[in-house]
Amino acid sequence: MSSESENSITFVTFFNVYKYRVMLFKLINKSAFFQHYINDVLFNYLHKFCQTYLNDILIYSKTLKEHRTHMKEVLNKLHEAHLQMNIDKCEFKIQKISFLKLLIFINDLWINSWKVDLIWSWKVLQSLTYVQIFIDFCNFYQWFIKNFSKIIQLMIKLTWKDHFFKWTEICQMIFEELK
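Residues numbered from 1 in each chain as written. Predicted model: local features only at pLDDT ≥ 70, side-chain atom pairs only at ≥ 80, totals over all residues. Heavy atoms only, no water.

**Some points on the overall build of the chain**
Stated formally: Secondary structure elements follow DSSP: runs of H or I no shorter than four residues count as helices, runs of E no shorter than two count as strands, and numbering proceeds from the N terminus. Three labels apply to residues, based on accessible area from a 1.4 Å probe with only protein chains included: buried if under 20% of the type maximum, exposed if over 50%, partly exposed otherwise in between. Between two residues, a contact is recorded if the distance between any of their heavy atoms is within 4.5 Å.
Scanning the chain from N- to C-terminus turns up 6 helices and 7 strands. Order of helices (α) and strands (β) in the chain, N terminus to C terminus: β-β-α-β-β-α-β-β-β-α-α-α-α. Buried positions account for 27% of the 179 residues belonging to the chain. Here the contacts in the chain between residues at least 6 apart in sequence split such that 42% fall between residues at least 24 apart.

**Some details on the packing of helix α4 (residues 128-140) against helix α5 (residues 148-157)**
Here is the rule: Comment: axis = line fitted to C-alpha atoms, over the contacting stretch for helices; angle = value between 0 and 180 degrees taken between N-to-C directions. Roughly parallel refers to an angle under 35 degrees, roughly antiparallel to one over 145, roughly perpendicular to one between 65 and 115, and oblique to any angle outside these ranges. In this scheme the handedness of a crossing depends on how the near helix is turned from the far one: anticlockwise by less than a right angle means left-handed, clockwise means right-handed.
Relative orientation of the contacting elements α4 and α5 amounts to 165°, with a least axis distance of 11 Å. As far as their axial angle goes, α5 and α4 are roughly antiparallel. Here the hand of the crossing between α4 and α5 comes out left-handed. Only Phe-148, Ile-152, Met-155 and Ile-156 of α5 make contact with α4, whose side of the interface consists of Val-131, Phe-134, Ile-135, Cys-138 and Asn-139.

**Comments concerning the pairing of strand β3 (residues 50-53)**
Here is the rule we go by: Two strands form a pair only when DSSP identifies at least two bridges running between them.
Of the two faces of β3, the one holding Cys-50 and Thr-52 is buried and the one holding Gln-51 and Tyr-53 is not buried anywhere. Relative to strand β4 (residues 56-59), β3 runs antiparallel, the two sharing 4 bridges. Considered in β4, the bridge of Tyr-53 is made with Asp-56. A loop of 2 residues connects β3 with β4, the two strands running antiparallel in sequence, and Leu-54 in this loop sits at a positive phi of about 50°.

**Quick word on the side chain of Thr-52**
Selection criterion: Polar contacts, as counted here, are pairs of nitrogen or oxygen atoms within 3.5 Å of one another; within protein the pair requires one atom able to donate a hydrogen and one able to accept it, and residues that are adjacent in sequence qualify only if both atoms are side-chain atoms.
Among the secondary structure elements, Thr-52 is positioned in strand β3. A distance of 3.1 Å separates polar atoms of two side chains, one belonging to Thr-52 and the other to Gln-35.

**Some points on the packing of α5 against helix α6 (residues 169-178)**
It is the contact of α5 with α6, at a shortest axis distance of 9 Å, that shows an interaxial angle of 140°. Taken together, the axis directions place α5 and α6 in an arrangement best described as oblique. Crossing hand, α5 versus α6: left-handed. Taking contact as the criterion, the partners of Phe-148, Ile-151, Ile-152, Leu-154 and Met-155 in α5 are, on α6, Ile-170, Cys-171, Ile-174, Phe-175, Glu-177 and Leu-178.

Shown next as C-alpha coordinates:
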(Lines give C-alpha, C1' and ligand atoms only; values in the text may rest on other atoms or scores of the structure.)
Protein backbone atom coordinates (compact mmCIF):
# COMPACT_ATOMS: atom_id res chain seq x y z
CA MET A 1 0.00 0.00 0.00
CA SER A 2 1.34 3.43 -0.84
CA SER A 3 2.12 5.98 1.87
CA GLU A 4 -0.63 8.32 0.56
CA SER A 5 -3.20 5.57 1.19
CA GLU A 6 -2.22 4.97 4.80
CA ASN A 7 -4.44 7.82 5.99
CA SER A 8 -7.47 6.07 4.53
CA ILE A 9 -7.30 3.36 7.17
CA THR A 10 -5.76 5.32 10.05
CA PHE A 11 -7.50 5.08 13.38
CA VAL A 12 -7.15 7.04 16.60
CA THR A 13 -7.30 5.64 20.13
CA PHE A 14 -7.03 7.33 23.49
CA PHE A 15 -3.34 6.38 23.60
CA ASN A 16 -2.08 6.90 20.06
CA VAL A 17 -2.72 7.16 16.31
CA TYR A 18 -2.21 3.98 14.32
CA LYS A 19 -1.61 3.53 10.59
CA TYR A 20 -1.57 0.28 8.67
CA ARG A 21 1.29 -0.03 6.23
CA VAL A 22 -0.19 -2.97 4.30
CA MET A 23 -3.69 -3.69 3.02
CA LEU A 24 -5.70 -5.67 5.54
CA PHE A 25 -7.25 -8.82 4.13
CA LYS A 26 -10.24 -8.40 6.42
CA LEU A 27 -10.72 -4.75 5.62
CA ILE A 28 -14.42 -4.27 4.88
CA ASN A 29 -15.12 -3.28 1.28
CA LYS A 30 -11.57 -4.08 0.21
CA SER A 31 -12.74 -4.55 -3.40
CA ALA A 32 -14.38 -1.12 -3.43
CA PHE A 33 -11.35 0.32 -1.66
CA PHE A 34 -9.01 -1.18 -4.27
CA GLN A 35 -11.23 0.00 -7.13
CA HIS A 36 -11.17 3.52 -5.71
CA TYR A 37 -7.40 3.29 -5.29
CA ILE A 38 -6.71 2.07 -8.83
CA ASN A 39 -9.06 4.74 -10.20
CA ASP A 40 -7.10 7.37 -8.27
CA VAL A 41 -3.79 6.06 -9.59
CA LEU A 42 -4.99 6.08 -13.21
CA PHE A 43 -7.43 8.99 -12.91
CA ASN A 44 -5.85 11.13 -15.65
CA TYR A 45 -6.17 8.27 -18.16
CA LEU A 46 -9.63 6.91 -17.36
CA HIS A 47 -12.15 7.19 -20.20
CA LYS A 48 -9.45 8.66 -22.44
CA PHE A 49 -7.47 5.54 -23.25
CA CYS A 50 -7.86 3.37 -20.17
CA GLN A 51 -10.62 1.52 -18.29
CA THR A 52 -10.29 -0.36 -15.01
CA TYR A 53 -12.28 -2.92 -13.14
CA LEU A 54 -10.54 -4.04 -9.97
CA ASN A 55 -7.32 -5.65 -11.16
CA ASP A 56 -8.23 -5.56 -14.86
CA ILE A 57 -6.85 -2.64 -16.82
CA LEU A 58 -7.84 -2.13 -20.43
CA ILE A 59 -5.70 0.23 -22.53
CA TYR A 60 -7.01 1.18 -25.95
CA SER A 61 -5.56 3.34 -28.71
CA LYS A 62 -6.10 4.29 -32.35
CA THR A 63 -2.58 3.51 -33.54
CA LEU A 64 0.23 1.21 -32.47
CA LYS A 65 2.52 4.18 -31.78
CA GLU A 66 -0.17 5.79 -29.61
CA HIS A 67 -0.71 2.45 -27.86
CA ARG A 68 2.94 2.17 -26.90
CA THR A 69 2.82 5.66 -25.41
CA HIS A 70 -0.37 4.88 -23.50
CA MET A 71 1.07 1.62 -22.17
CA LYS A 72 4.21 3.37 -20.95
CA GLU A 73 2.14 6.03 -19.20
CA VAL A 74 -0.05 3.46 -17.43
CA LEU A 75 2.89 1.26 -16.49
CA ASN A 76 4.77 4.27 -15.10
CA LYS A 77 1.76 5.25 -12.97
CA LEU A 78 1.45 1.70 -11.65
CA HIS A 79 5.17 1.67 -10.87
CA GLU A 80 4.93 5.04 -9.05
CA ALA A 81 2.09 3.58 -6.96
CA HIS A 82 4.20 0.49 -6.18
CA LEU A 83 1.73 -1.80 -7.93
CA GLN A 84 2.94 -4.86 -9.78
CA MET A 85 1.49 -6.72 -12.74
CA ASN A 86 1.51 -10.44 -13.31
CA ILE A 87 2.97 -10.59 -16.82
CA ASP A 88 1.53 -14.10 -17.34
CA LYS A 89 -1.99 -12.66 -17.09
CA CYS A 90 -1.32 -9.76 -19.48
CA GLU A 91 -2.21 -9.58 -23.15
CA PHE A 92 -0.70 -7.02 -25.49
CA LYS A 93 -1.68 -5.63 -28.91
CA ILE A 94 -4.85 -7.70 -29.22
CA GLN A 95 -7.69 -7.00 -31.65
CA LYS A 96 -10.56 -8.28 -29.50
CA ILE A 97 -11.07 -8.88 -25.80
CA SER A 98 -13.71 -9.99 -23.35
CA PHE A 99 -14.09 -7.27 -20.73
CA LEU A 100 -16.93 -6.90 -18.24
CA LYS A 101 -19.22 -9.41 -19.96
CA LEU A 102 -18.70 -7.76 -23.34
CA LEU A 103 -16.69 -8.63 -26.42
CA ILE A 104 -14.79 -5.56 -27.54
CA PHE A 105 -13.48 -5.42 -31.10
CA ILE A 106 -11.59 -2.60 -32.80
CA ASN A 107 -14.75 -0.88 -34.07
CA ASP A 108 -17.52 -2.89 -32.43
CA LEU A 109 -19.04 -4.02 -29.16
CA TRP A 110 -20.95 -7.29 -28.69
CA ILE A 111 -22.56 -9.23 -25.90
CA ASN A 112 -20.73 -12.48 -25.15
CA SER A 113 -22.51 -15.32 -26.99
CA TRP A 114 -22.72 -17.46 -23.84
CA LYS A 115 -24.62 -14.58 -22.21
CA VAL A 116 -27.05 -14.49 -25.12
CA ASP A 117 -27.57 -18.24 -24.77
CA LEU A 118 -28.19 -17.78 -21.07
CA ILE A 119 -30.79 -15.08 -21.75
CA TRP A 120 -32.65 -17.25 -24.28
CA SER A 121 -32.80 -20.14 -21.83
CA TRP A 122 -34.61 -18.11 -19.14
CA LYS A 123 -38.19 -19.19 -18.57
CA VAL A 124 -41.03 -17.34 -16.84
CA LEU A 125 -39.91 -15.13 -13.95
CA GLN A 126 -41.94 -16.67 -11.14
CA SER A 127 -41.01 -14.47 -8.22
CA LEU A 128 -40.06 -10.94 -7.27
CA THR A 129 -36.46 -12.02 -6.73
CA TYR A 130 -36.17 -13.38 -10.28
CA VAL A 131 -37.68 -10.18 -11.70
CA GLN A 132 -35.14 -8.10 -9.75
CA ILE A 133 -32.28 -10.28 -11.02
CA PHE A 134 -33.56 -9.98 -14.58
CA ILE A 135 -33.90 -6.17 -14.33
CA ASP A 136 -30.38 -5.92 -12.94
CA PHE A 137 -29.11 -8.12 -15.76
CA CYS A 138 -30.93 -6.03 -18.37
CA ASN A 139 -29.62 -2.77 -16.92
CA PHE A 140 -26.10 -3.85 -17.79
CA TYR A 141 -27.09 -4.36 -21.44
CA GLN A 142 -29.51 -1.45 -21.78
CA TRP A 143 -27.47 0.36 -24.45
CA PHE A 144 -28.08 -2.63 -26.75
CA ILE A 145 -31.87 -2.34 -26.31
CA LYS A 146 -33.73 0.40 -28.14
CA ASN A 147 -36.28 2.24 -25.91
CA PHE A 148 -35.10 0.25 -22.91
CA SER A 149 -36.51 2.60 -20.25
CA LYS A 150 -39.99 2.48 -21.78
CA ILE A 151 -39.97 -1.29 -22.19
CA ILE A 152 -38.75 -2.06 -18.68
CA GLN A 153 -41.26 0.18 -16.83
CA LEU A 154 -43.85 -2.54 -16.19
CA MET A 155 -41.18 -4.93 -14.92
CA ILE A 156 -39.98 -2.26 -12.52
CA LYS A 157 -43.56 -1.76 -11.28
CA LEU A 158 -43.61 -5.42 -10.27
CA THR A 159 -40.82 -4.68 -7.78
CA TRP A 160 -42.58 -1.81 -6.01
CA LYS A 161 -43.30 -2.40 -2.34
CA ASP A 162 -47.01 -1.60 -2.49
CA HIS A 163 -47.53 -3.49 -5.75
CA PHE A 164 -48.91 -7.04 -5.73
CA PHE A 165 -46.63 -9.35 -7.72
CA LYS A 166 -48.55 -10.99 -10.55
CA TRP A 167 -46.95 -12.32 -13.71
CA THR A 168 -49.27 -11.49 -16.61
CA GLU A 169 -49.26 -12.04 -20.36
CA ILE A 170 -48.07 -8.45 -20.79
CA CYS A 171 -45.17 -9.16 -18.43
CA GLN A 172 -44.31 -12.23 -20.48
CA MET A 173 -44.42 -10.20 -23.72
CA ILE A 174 -42.09 -7.59 -22.24
CA PHE A 175 -39.83 -10.33 -20.93
CA GLU A 176 -39.66 -11.92 -24.39
CA GLU A 177 -39.00 -8.55 -26.03
CA LEU A 178 -36.12 -7.83 -23.68
CA LYS A 179 -34.68 -11.30 -24.24
